[in-house]
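Now for the letters of each chain:
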Amino acid sequence: MNFQQLKIIREAARCEFNLTEVANTLFTSQSGVSRHIRDLEDELGVEIFIRRGKRLLGMTEPGKALLTIAERILDEAGKVRRLADVFTNETSGILTIATTHTQARYSLPKIIKAFRQLYPNVRLELNQGSPQEIVTMLLAGEADIGIASEQLVNNPSLAAFPWFSWHHSLLVPKDHELVQAQPLTLSSLSRFPLITYRQGITGRSRVDRAFQAAGLKADVVLSAQDSDVVKTYVQLGLGVGILADQACETGQNDELVRIDAQHLFDPSTVWLGLKRGQLQRNYVWQFLELCNANLSLEEIKRQALSYQTEDEPAIDFQI
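The rules behind these values
Residues numbered from 1 in each chain as written. Predicted model: local features only at pLDDT ≥ 70, side-chain atom pairs only at ≥ 80, totals over all residues. Heavy atoms only, no water. Pairing = 2+ DSSP bridges. Helix = DSSP H or I, 4+ residues; strand = E, 2+ residues; numbered from the N terminus. Buried < 20%, exposed > 50% of the residue type's maximum accessible area, 1.4 Å probe, protein only. Core = buried A, V, L, I, M, F, W, Y, C linked by side-chain atoms within 4.5 Å. Contact = heavy atoms within 4.5 Å. Axes fitted to C-alpha atoms, helices over the stretch in contact; angles between N-to-C directions. Polar contact = N/O pair within 3.5 Å; in protein donor to acceptor, adjacent residues only side chain to side chain. Salt bridge = Lys/Arg side-chain N within 4 Å of Asp/Glu carboxyl O. Parallel < 35°, antiparallel > 145°, perpendicular 65-115°, else oblique. Nonpolar A, V, L, I, M, F, W, Y, C, P; charged D, E, K, R; others polar. Phe/Tyr/Trp six-rings, centres within 6.5 Å; stacked < 30°, edge-to-face > 60°.

A. Expanded view of the pairing of strand β2 (residues 55-59). Note that strand β1 (residues 49-52) and β2 share four bridges and pair antiparallel. Along β2, the bridge assignment pairs Arg51 with Leu56. Hairpin connection, β1 to β2: the antiparallel pair is bridged by two residues, and Gly53 has positive phi, about 70°.

B. Expanded view of unusual backbone geometry. In this structure, the amide linkage connecting Gln182 to the following residue, Pro183, adopts the cis form with an omega of -5°. Here Pro183 lies in the loop between β7 (168-173) and α8 (186-189). Phi angles above zero are rare outside glycine, and Phe27 is one such case at about 55°. Structurally, the position occupied by Phe27 is in the loop between α2 (19-25) and α3 (30-44). Although it is not a glycine, Thr202 sits at a positive phi angle of roughly 45°. Following the sequence through the fold, Thr202 ends up in the loop between β8 (194-197) and α9 (204-213). Relative accessible area serves as the criterion here: at 4%, Thr202 is assigned to the buried category.

C. Main features of helix α7 (residues 131-139). For α7, the full list of buried residues reads Pro131, Ile134, Val135, Met137, Leu138 and Leu139. Just downstream of α7, Gly141 is the residue with a positive phi angle, here 75°.

D. A look at the nonpolar core. Within the largest apolar cluster, 39 residues are counted, with the highest numbers of intra-cluster contacts made by Leu95, Ile145, Ile147, Trp163, Leu274 and Phe287. Per-element accounting of this core gives the leading share, six residues, to helix α11 (residues 282-291). Setting aside residues no more than four positions away along its own chain, Leu95 makes contact with Phe115, Val122, Arg123, Leu124, Glu125, Asp144, Ile145, Tyr283, Val284 and Phe287. Among the nonpolar cores identified, the runner-up in size contains 18 residues, and Cys15, Phe17, Leu40 and Leu56 belong to it.

E. Main features of the sheet that holds strand β6 (residues 158-166). One open sheet accounts for five strands, arranged β4-β3-β5-β12-β6; its pairing is mixed. Strands with a single pairing partner mark the edges of an open sheet, and in this sheet they are β4 (122-128) and β6. Between one strand axis and the next, the sheet turns through 20° on average, direction left out of account. Alignment of strand β5 (residues 145-148) against strand β12 (residues 268-275), held across three bridges, turns out to be antiparallel. Paired with Gly146 across the two strands is Gly273, which belongs to β12. Helix α6 (residues 109-118) contacts β3 (93-99), β4 and β6 of the sheet and is inclined by roughly 160° relative to β4.

F. Layout of the side chain of Lys231. In this structure, Lys231 sits in helix α10 (residues 227-235). The class for Lys231 is buried, based on a relative accessible area of 14%. Within the structure, Lys231 has its side chain in polar contact with the backbone oxygen of Ala247 (distance 3.0 Å). Each residue touching Lys231, except ones within four places of it in the same chain, is listed here: Tyr106, Leu171, Leu243, Ala247, Glu249 and Leu256.

G. Looking closely at the pattern of salt bridges. The final tally for this structure, using the stated rule, is ten salt bridges. For Glu41, the salt bridge identified is with Arg51, shortest N-O distance 2.9 Å. Residue Glu41 is located in helix α3, and its partner Arg51 is located in strand β1; the two are separated by ten residues in the primary sequence. The exposure class of Arg51 is partly exposed, given its relative accessible area of 34%. Each of Arg10, Glu11 and Arg14 takes part in one network of salt bridges that share partners.

H. Focus on the packing of helix α1 (residues 3-14) against α3. For the pair α1 and α3, interaxial distance at closest approach is 10 Å and the crossing angle is 105°. Taken together, the axes of α1 and α3 lie roughly perpendicular to each other. Across the interface between the two elements, Gln4, Gln5, Ile8 and Ile9 of α1 pack against Val33, His36, Ile37, Asp39 and Leu40 of α3. For the contact of α1 with α3, the class distribution of residues is five nonpolar, three polar and one charged.

I. Local environment of the packing of aromatic side chains. All chains considered together, the criterion is met by seven aromatic pairs. When the centroid spacing of 6.3 Å and the interplanar angle of 75° are considered together, the rings of Phe115 and Tyr283 count as edge-to-face. In this pair, Phe115 is assigned in helix α6 and Tyr283 in helix α11, connecting sequence segments 168 residues apart. Judged by relative accessible area, Phe115 falls into the buried class, the value being 0%. Here the aromatic cluster, defined as three or more aromatic residues joined through ring pairs, consists of Phe115, Tyr119, Tyr283 and Phe287.

Written out as structure tokens, the structure is:
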């Protein structure tokens with residue numbers, strides 16, 4: 001048994017048992033992947049995968065048990081590889097942040113500028129994605145810090161810390177009738193075509209929930225992941241924009257007007273997430289402190305370096 005075989009088992013589950021994708025992910029050949037699987041099954045004396053001809057359809061019960069063990073072994077091996085780097089490169093390296101477009105564009109610039117002044121030798125990488133993609137990147141060890149409004153706080157394998165709360169605002173052309181509408185209600189808003197975020201990101205669930213609770217149907221004619229895309233189509237007159245308030249910047253010559261809508265939709269919280277139990281360089285902890293000065297460094301480390309309590313669900317170990 002070797003690490004390559006364990007990696008193949010893990011990637012097979014992640015790639016929905018598509019061996020071509022497994023081979024591409026691990027930079028090897030499909031025939032090599034198949035050979036490693038056969039060798040491991042021969043060594044263990046059990047079948048790991050459910051097959052139909054040459055296709056893999058799923059994992060057997062022994063295979064599922066092996067997957068849990070393989071993920072734990074690879075996770076611990078990853079910590080060993082990080083150990084020397086953590087203690088020898090405290091002021092240089094790479095900080096990878098997985099975040100949404102809205103946070104990367106509007107919330108992070110000042111934080112990143114301050115961080116660069118403290119750690120000029122640390123290279124920053126911003127990977128943008130949906131909250132679910134951010135969770136996946138954290139669990140896979142592809143990001144050090146995840147930043148999103150949803151899902152980070154609901155995963156027991158992650159330690160999540162609040163950054164700030166925000167509300168939705170409306171964005172409309174200057175001559176739009178909603179500019180003069182007082183008081184603004186969901187009923188009046190439901191009469192117009194809406195442009196907002198796609199499902200699963202930037203508080204979209206709170207928008208949908210507000211209309212449902214009021215017994216109204218939201219006429220969402222266009223949804224997008226990017227705040228700037230939403231603003232572009234609002235400016236074209238295709239509908240009323242519902243955006244995160246921090247994304248509603250309007251300049252003096254801007255053709256759009258921001259309308260406060262915090263009384264219409266529940267607030268959202270931006271969360272900072274780390275993978276539990278993973279060694280981190282000092283500059284990772286410092287970045288979180290820059291985001292939220294109310295966070296105690298001791299409390300951050302206590303939560304991030306601990307595993308779940310007995311009352312929490314079991315962690316699905318991944319690297």
